[in-house]
There are 2 protein chains.
Amino acid sequence: MLIEMGESARQAAFQLSQCSTSKKNAALNCIADLLEQKTESILAANDLDIQAAKDNAVSDAILDRLLLTKERLIGIANDVRKVATLNDPVGEIIDGSTLDSGLKLQRRRVPLGVIGVIYEARPNVTIDIASLCLKTGNAVILRGGKETVYTNKVMIDVIQQALEHVKLPACAVQSINNSDRKYINELLKLDKYVDMIIPRGGAALHKLCREQSTIPVITGGIGVCHLFIDECMDFDKALPIIINAKTQRPSTCNTLETLLIHASIAKQFLPKLSQVMADNRVVLHADSASLAMLKGTPASVLPVTDDELRQEWLSKDLNVVIVDSLTSAVKHIREYGSAHSDGILTRSLVNAEKFVNLVDSAAVYVNASTRFTDGGQFGLGAEVAVSTQKLHARGPMGLESLTTYKWIGYGDDLIRD
Amino acid sequence: MLIEMGESARQAAFQLSQCSTSKKNAALNCIADLLEQKTESILAANDLDIQAAKDNAVSDAILDRLLLTKERLIGIANDVRKVATLNDPVGEIIDGSTLDSGLKLQRRRVPLGVIGVIYEARPNVTIDIASLCLKTGNAVILRGGKETVYTNKVMIDVIQQALEHVKLPACAVQSINNSDRKYINELLKLDKYVDMIIPRGGAALHKLCREQSTIPVITGGIGVCHLFIDECMDFDKALPIIINAKTQRPSTCNTLETLLIHASIAKQFLPKLSQVMADNRVVLHADSASLAMLKGTPASVLPVTDDELRQEWLSKDLNVVIVDSLTSAVKHIREYGSAHSDGILTRSLVNAEKFVNLVDSAAVYVNASTRFTDGGQFGLGAEVAVSTQKLHARGPMGLESLTTYKWIGYGDDLIRD
């Protein structure tokens, strides 16, 4: 089954790669319109997923992620319209020159080809990814979570109708609707047809893809993010950044998980931190040094374990660790972090630059919240994923991350000496 | 064993990432000097490899690839000195802006970290790769072929001495000196320490790496390259390009393997082609249509098989296939090619652009020899490999391909709304 999908996706990708921006945008606008026109059938399908989820007694948080409403659907449609307004990177001449040999060489941006995306829950991801891939002239094979199988099916129908309406191949966007996990493994071996795999989900999914895929995989999305409060920092300036990084939306990958505190300020700073964390109902998980100092302060405090320092809370929980220097802070981040987003809060120019140079994460901040690591916030318009690996794309991946380039050499009947 | 190598390489990479360009260049120049000073011991070690190869009755061609001479060693040393003169991409600000939120965002070029390279024969590759990795602040773990085990050992010694001489960590360049293939498999799973794997060898090695590696792999180097001679082309302009692409250095991956000929000119063109190919002692492998037309012409002609159209000759053999249109030529290239280097010979501006758009190869040429696909020829100074995959780097990979970027965000105590 998947080989046929791969073949037709490859063929569709070839057609899409030759397609004008205006035609791609017409397809996107048509998807948005159809999403609104078909609200009733989409919400009916979504209701089947919701019922099934309730039967399986999933948590309210997951139910909320699954749920579509009329308003949410309008929001999704408008996001698609926004993608249509973004600049199309395909065709851009990245650079070029005339070489000594006389060869006129340029690098031109082209689509990647066929992209495979494996994701969990969230029905909006289906539309999101499909629209970003379409905009960049890529075909896509989607494999959503079993929790959204009804919603996905009707959404894929909508997309394919829109494609046919503008005379683009419907198989530019295909979906594996069978929830048998063996199809994930099959997709990961489809290297003859698929150019890139993007897993969007937890650590286990990323590990599976890294281990099983014969196709290049973009791993990411796991954010064990740190802020380090240096010895020279105004506490009243630091606290709002820490609150924002931890509480603005705790379930996201760019949320602060561990606060590193310079030893020389810990004693004065910790009571103030404890107060604002208590006000924001954040539970502190403290290392042994800070645990002692936090005793009797307003916040709930628990001792932190080594494992807890290595994983995402994704909730209103914050690890607190005292370090004796900037170097120790960097060492902690290199050892425990996931190379996603880490920052320093300081008034020292020297320390800021030292931190920026030493920390090898996708995004490094000086006096800013880690919550900025996001395609929209970074001015990319939208994002496909946040990469924490180093090849191809790092950090938030916008439309450009869905392209590659070809070298084009024009000669005047040119031979190599 | 490899875990220790990985750990120390990671540590060395951290140091190298903070190292100035002048210090890295000092290390490179020191390597070059030592290579010349130690000529005697290097040649003695190489002689052991040569003797072993002779005992194993390897071909003269492979013997020649293994062989070092004083002159070749001087050449290698000068190549290292040339890398020292190249621009260091590390630290470059790729782009940056101040966003609406006030965040001052930039992308800064940084080393990848630790690179694993698996290669066959050719002792110069050891020095080549090590110097390019050093220049870009990356640590490297090398795994050379068993045929060069003595030469590699002494070359790694030279590199490590040079590193120590300039007070850089010796384990920035390490080598797996055990020829047991299990260490390749172990290296491919070292994702905790190694950021990128570059295989330099045949199709089987690339396949092994794609299938076994949990680390991103750059595959490439396999070149089933095509030229298509369009119906409107001057034969006397086309022939020198075809001769150059096929014979200038037949053993390279950018050598022409299949010539596609527009049906409408085949009858007039084939006798002329046959004459120059005979003059250059090139054997033609013809499809059934051209076979009939080539009967009785000067060149040696054999019928071509489907398999032969899918693999590299790397010798003075050329496939000849007649196609009925540009579209059929593109279809043939997409079906049989390796997406390395393909070109069109034409006088038609429309056909040239059509070909450039439709052919999805790393390098696409108009009226130029495929032999140009090379880091040196492309003005990159040197190359680590030629990539035929689409992620990270495509085509010849220069120093920039050994880097990634980090996003750096400077805020004025900035939080996300």
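Above this text you will find the structure in question.
Below you will find a few notes about this structure.

Rules of the game
- Residues numbered from 1 in each chain as written.
- Chains lettered and ligands numbered in written order.
- Predicted model: local features only at pLDDT ≥ 70, side-chain atom pairs only at ≥ 80, totals over all residues.
- Heavy atoms only, no water.
- Pairing = 2+ DSSP bridges.
- Helix = DSSP H or I, 4+ residues; strand = E, 2+ residues; numbered from the N terminus.
- Right-handed = clockwise from strand over helix to strand, strands pointing away.
- Disulfide = S-S within 2.5 Å.
- Buried < 20%, exposed > 50% of the residue type's maximum accessible area, 1.4 Å probe, protein only.
- Expected span 1.5 Å × (residues − 1).
- Arc of directions from axis to C-beta.
- Contact = heavy atoms within 4.5 Å.
- Axes fitted to C-alpha atoms, helices over the stretch in contact; angles between N-to-C directions.

1. Comments concerning the pairing of strand S9 (residues 283-286) of chain A
All names here are of chain A. Two strands pair when backbone bridges link them, and S9 and strand S11 (residues 317-323) are joined in this way by four bridges, in the parallel orientation. Bridging from a neighbouring strand, Ala286 pairs with Val320 of S11. Bridge analysis of S9 against strand S10 (residues 301-303) gives three bridges, and the strand direction is parallel. From the neighbouring strand, His285 faces S10, where its bridge partner is Leu302. After leaving S9, the chain enters helix H12 (residues 288-294) and then returns to the sheet as S10, a path that is right-handed.

2. Considerations on the state of the cysteines
What is meant by a disulfide is a covalent connection between two cysteines, made through their sulfur atoms. Here the structure, examined in full by the defined rule, presents zero disulfides over all chains. Residue A:Cys225 stays outside any disulfide, its sulfur separated by 6.9 Å from that of A:Cys253, the closest cysteine. Free of any disulfide, B:Cys133 has its nearest neighbouring cysteine sulfur in B:Cys19, separated by 14 Å. By relative accessible area, B:Cys133 is classed as buried at 0%.

3. So, helix H5 (residues 70-85) of chain B
Residue and element names in this part refer to chain B. In a regular helix each residue adds 1.5 Å, so 16 residues correspond to 22 Å; H5 covers 23 Å between its end C-alpha atoms and thus fits that length. Every buried residue belonging to H5 is among Leu73, Ile76, Ala77, Val80, Val83 and Ala84, and all of these are buried. Projected onto a plane normal to the axis of H5, the buried residues spread over an arc of 110° and lie on a single side. When the buried face of H5 is taken as reference, the exposed residues oriented beyond 90 degrees from it are Glu71 and Thr85. Each element contacted by the buried residues of H5 is listed here: helix H2 (21-37), helix H3 (39-55), helix H6 (124-135) and helix H7 (149-165).

4. A short note on the side chain of B:His262
Residue position: B:His262 is located in strand S8 (residues 256-262). Discounting chain neighbours no more than four positions away, the residues touching B:His262 are B:Phe228, B:Ile229, B:Asp230, B:Glu231, B:Val323, B:Asp324 and B:Ser325.

5. A few points about the sheet that holds strand S12 (residues 341-345) of chain A
Pairing is mixed across the open sheet formed by 10 strands, whose spatial order is S10(A)-S9(A)-S11(A)-S8(A)-S7(A)-S12(A)-S13(A)-S16(B)-S2(B)-S1(B). What marks the edges here is a single partner per strand, and that holds for S10 of chain A together with strand S1 (93-98) of chain B. Each strand of the sheet is rotated relative to its neighbour by a mean of 25°, with strand direction disregarded.

By themselves these figures say nothing about function.
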